[in-house]
Amino acid sequence: MTDTSVLYYGEDNIHYEVVRKEAKGKSKNDTLIDEKSKPSKVIIKVHPDQRVVVTAPIDASDAMIHDAISKQARWIWQSLQDFAKQKDHVLLKRYVSGETQFYLGRRYVLKVVVDSKRTAGVKLWRGKLQVIVPQNDNDIGFEAQATKVKSLLDKWYKQRADIIFTERLTAVLPKASWVTDTPPLKIMSMQKQWGSCSIKGNLNLNAHLVKAPKECIDYVILHELCHLKEHNHSERFWCLLTQVMPNWKEIKAKLDGMAELYLNE
């Protein structure tokens, strides 16, 4: 059961979602960065996309929820300001030489080479991510060239993701002793999540994840493998994830901290 409401803080209006759940165990969200929990079991989360989500017991009164929100108003407002500042520093890609691209956690300078005699493609070359565009400058405008560079990069990232994710799945699979067969793996472009697991046991991973360090890729894969045994974010799920990756919180924080840059297009 989900509802929406608003908190007035000075001259600002803070909109928030209220999710009422049966008290089974602490619930968490993959993109969680900031969280406050009250003795009343009202849990307040501020997400990187500036959503405020309040989880409360199904029998919690509106007054109880409002009181918990009001007491944390300053913290909520400050968290929203911090996330807004982070977003301001992330500029949209123009796909021109000199921009920064990521691959396996490392930063690479983008170098666009326009050459009608060379085949279109992308490669790592002397510490740079080089994109070959086989047209002359006079034959292609800036917007059209940027579109082509982006298309070539997207294709390259997806190809690399297919190779790297398969390697990492093979490497971490022995930790998931409850998984008897290698699950099918699908590479997708997603903007709101790093991975998912279907009812049939298929793993879906975000192609942008290949921009992150291998330990972050391992975390996401193990997270989804844990869902093959525990299908929700129950306390049992988090205990299972801790068993197979004791330092997952640290790795998740690293991934969350770079999410805006890795997902930037």
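Since the model is a prediction, treat every value here as computed from it, not as a measurement. Residue numbering note: each chain is counted from 1, following its sequence as written. In keeping with the predicted nature of the model, local features appear solely for residues at pLDDT of at least 70, side-chain atom pairs appear and are counted solely at 80 or more, and the whole-chain, interface and lining totals rest on all residues. Hydrogens and waters are ignored; side-chain quantities use all the structure's heavy atoms.

With respect to the overall build of the chain
Line of reasoning, step 1. Summing up its helical and strand segments, the chain has 6 helices and 12 strands in all.
Line of reasoning, step 2. Whether two residues are in contact is decided by their heavy atoms: any pair within 4.5 Å suffices. A separation threshold of at least 6 residues defines the contact pool for the chain, and within that pool the share at least 24 residues apart is 51%.
Line of reasoning, step 3. All accessibility values rest on the Shrake-Rupley procedure with a 1.4 Å probe; residue burial counts only the protein chains present in the view. Surface accessibility of the chain: about 15000 Å² in total, with carbon and sulfur atoms responsible for 50%. Think of it this way: any DSSP run of H or I at least four residues long counts as a helix, any run of E at least two long counts as a strand, and we number them from the N terminus.

Some thoughts on the environment of Tyr95
Line of reasoning, step 1. For Tyr95, the location among the structural elements is in the loop between helix 2 (73–88) and strand 6 (100–103).
Line of reasoning, step 2. Burial classes: relative accessible area under 20% of the type maximum marks a residue as buried, over 50% as exposed, and values in between as partly exposed (1.4 Å probe, protein chains only). Overall, the relative accessible area of 9% leaves Tyr95 in the buried class.
Line of reasoning, step 3. Placed 36 residues apart in sequence, Tyr95 and Val131 show a C-alpha to C-alpha distance of 9.8 Å.
Line of reasoning, step 4. Other than its neighbours up to four places away in sequence, Tyr95 contacts Gln101, Leu110, Val112, Ala146, Val149, Lys150, Leu153 and Glu265.

Side note on a positive patch on the surface
Line of reasoning, step 1. Surface patches are defined over residues having more than 30% relative accessible area and no salt bridge, joining like charges when they lie within 9 Å and nonpolar side chains (Val, Leu, Ile, Met, Phe, Trp, Tyr) when within 5 Å. We define a salt bridge as a side-chain nitrogen of Lys or Arg found within 4 Å of a carboxyl oxygen belonging to Asp or Glu. Positive charges come from Lys and Arg alone, negative charges from Asp and Glu alone, with His and the N- and C-terminal ends not counted. To locate a charge, the coordinates of NZ of Lys, CZ of Arg, CG of Asp or CD of Glu are taken. A surface patch of positive charge is lined by Lys111, Arg118, Lys123, Arg126 and Lys128.
Line of reasoning, step 2. Relative to the helices and strands, Lys123 resides in strand 8 (residues 121–125).

Looking at unusual backbone geometry
Line of reasoning, step 1. Positive phi, close to 55 degrees, is recorded for Leu104, a residue that is not glycine.
Line of reasoning, step 2. Classification of Leu104 by relative accessible area gives partly exposed; the value is 23%.
Line of reasoning, step 3. Backbone geometry at Arg126 places phi at a positive 55 degrees, although glycine is not the residue there.
Line of reasoning, step 4. Note on Arg126: relative accessible area 74%, which makes it exposed.

Description of the sheet that holds strand 12 (residues 203–206)
Line of reasoning, step 1. Taken together, the 3 strands give an open sheet; going across it, the order is 10-12-11, and neighbouring strands pair in mixed fashion. In the strand order of this sheet, the two ends are held by strand 10 (185–188) and strand 11 (195–197), each with one partner. For this sheet, the mean angle separating the axes of adjacent strands, direction not counted, is 20 degrees.
Line of reasoning, step 2. Think of it this way: DSSP has to see at least two bridges between two strands before they count as a pair. Where strand 11 lies against strand 12, 3 bridges are found, and the strand directions are antiparallel. Residue pairing across strands places Gly195 opposite Leu205, the latter belonging to strand 12.
Line of reasoning, step 3. Simply put, an axis is a line fit to the C-alpha atoms, just over the touching stretch for a helix, and the angle between two N-to-C directions goes from 0 to 180 degrees. Together, strand 10 and strand 12 form the strand contacts of helix 3 (residues 142–172), whose direction differs from that of strand 10 by roughly 145 degrees.

Structural notes on empty space enclosed by the protein
Line of reasoning, step 1. The definitions used throughout rest on a 1 Å grid laid over the protein atoms alone, on which a cavity is an enclosed set of points accommodating a 1.4 Å probe that cannot get out and a pocket is an open set flanked by protein within 12 Å on both sides along at least five of seven lines; lining residues are those having an atom within 4 Å of a point. Grid points are joined across faces, edges and corners, and a volume is the space filled by probe spheres set on the points. Here the structure, examined in full by the defined rule, presents 2 cavities of 30 Å³ or more.
Line of reasoning, step 2. The calculated volume of the second largest cavity comes to roughly 60 Å³.
Line of reasoning, step 3. Lining the second largest cavity are Lys93, Tyr95, Gln101, Leu153, Asp154, Tyr157, His208, Lys211, Asn264 and Glu265.
Line of reasoning, step 4. In terms of residues, the lining of the second largest cavity owes the most to one element, helix 3, which gives 3 residues.
Line of reasoning, step 5. Under this grouping Gly is polar, as are all residues other than the nonpolar Ala, Val, Leu, Ile, Met, Phe, Trp, Tyr, Cys and Pro and the charged Asp, Glu, Lys and Arg. Taken together, the residues that form the lining of the second largest cavity break down as 3 nonpolar, 3 polar and 4 charged.

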